[in-house]
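Working through the structure, step by step
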Amino acid sequence: MGDSFQIIVDKDVSAEDAPRLAGQVREWLVARRIIEPELTDSALGSPGHRPGAAHTEALKTPDSSAFLGLATNGLAIDVGRTVFFTIGGELTCRACGAQVEPEDEWTEAVDAWYEGDDGVMFACPECRQPERLTEWSGRFPWGFGKLGFKFWNWPPLSERFVQEVAEKLGHRIVVVRGKL
Ligand SMILES: [Zn+2]
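As the structure is a prediction and not an experimental result, all values here were calculated from the model. (Residues numbered from 1 in each chain as written. Predicted model: local features only at pLDDT ≥ 70, side-chain atom pairs only at ≥ 80, totals over all residues. Heavy atoms only, no water.)

To continue, consider helix α2 (residues 104–114). Three or more residues of α2 are buried, namely W106, A109, V110 and W113. One side of α2 holds all its buried residues, which, seen down the axis, span an arc of 105 degrees. Residues of α2 that are exposed and angled more than 90 degrees away from the buried face: D104 and E108. Following α2 by one or two positions, G116 has its phi on the positive side, about 120 degrees. (Buried < 20%, exposed > 50% of the residue type's maximum accessible area, 1.4 Å probe, protein only. Helix = DSSP H or I, 4+ residues; strand = E, 2+ residues; numbered from the N terminus. Arc of directions from axis to C-beta.)

This is how it looks when you write it as structure tokens:
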């Protein structure tokens, strides 16, 4: 059985502000008992915070707590320039409506962004209309940013909770969903 994740990505935070903002949101989540304060071996690739006593307040369906028994059920907070990707993402061209799968040219643009080109463009493979890489969206978008909150194996987060996190961040966000 694979591990799934949901990542709330801050699209706009600067590299300078990201560590402070990460700390503020972490404290807020701990105070609300959505997560435990301790860092444990509960995420993949980095330490994570296990779900807290009031974690159901973050969920779409409050009684879906089966994930509490999993070894991997933490929230990992990633700070620093990161490509938050999902395998086989699905994007929609705003100009022509084509469904676009991230492939070769997309990967080139992603590499350029990762190397520091925040304004890199990606042209729709169908109509060739260019759009900033970071503005491409769709049913399964990627996230580009310097701060991400990665919930491992949590049931679907509620829209209200995602909105509250966005307000706390004070920036635009994108939610990246995927499965390993
Ligand atoms: Zn297009």
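For the rest of this paragraph, the subject is the pairing of strand β8 (residues 143–152). In terms of residue burial, β8 counts as a mostly covered element, since 10 of its 10 residues are buried. In this structure, strand β1 (residues 4–10) lies alongside β8, joined through six bridges in antiparallel fashion. Among the inter-strand pairings, I7 is bridged to a residue of β8, identified as K150. Across eight bridges, the pairing between strand β2 (residues 75–84) and β8 is antiparallel. Of the residues in β8, the one forming a bridge with T82 is G145. (Pairing = 2+ DSSP bridges.)

Grouped together as the largest cluster of nonpolar side chains are 25 residues, with contacts concentrated most on L147, F149, W154, L157 and F161. At the level of secondary structure, the elements contributing two or more residues to this core comprise α1 (18–31), β2, β8 and α3 (159–169). No other element matches α1, which puts six residues into this core. Setting aside chain neighbours within four positions, we find F161 in contact with I8, L29, I34, E57, A58 and F151. Ranked by size, the runner-up nonpolar core spans 16 residues in total, among them C93, F122, C124 and L133. (Core = buried A, V, L, I, M, F, W, Y, C linked by side-chain atoms within 4.5 Å. Contact = heavy atoms within 4.5 Å.)

So, about the coordination of the zinc ion. Summarising the metal site, the zinc ion is bound by the protein donors C93 (SG), C96 (SG), C124 (SG) and C127 (SG), whose distances to it range over 2.3 to 2.4 Å. Sequence positions of the donors to the zinc ion reduce to the motif C-x2-C-x27-C-x2-C. Accessibility expressed as a relative area gives 34% for C127, which makes it partly exposed. (Donors = N, O, S within 2.8 Å, 3.2 Å for Na, K, Ca; no water.)

In short, the description is geometric, and any link to function would need to be established separately.
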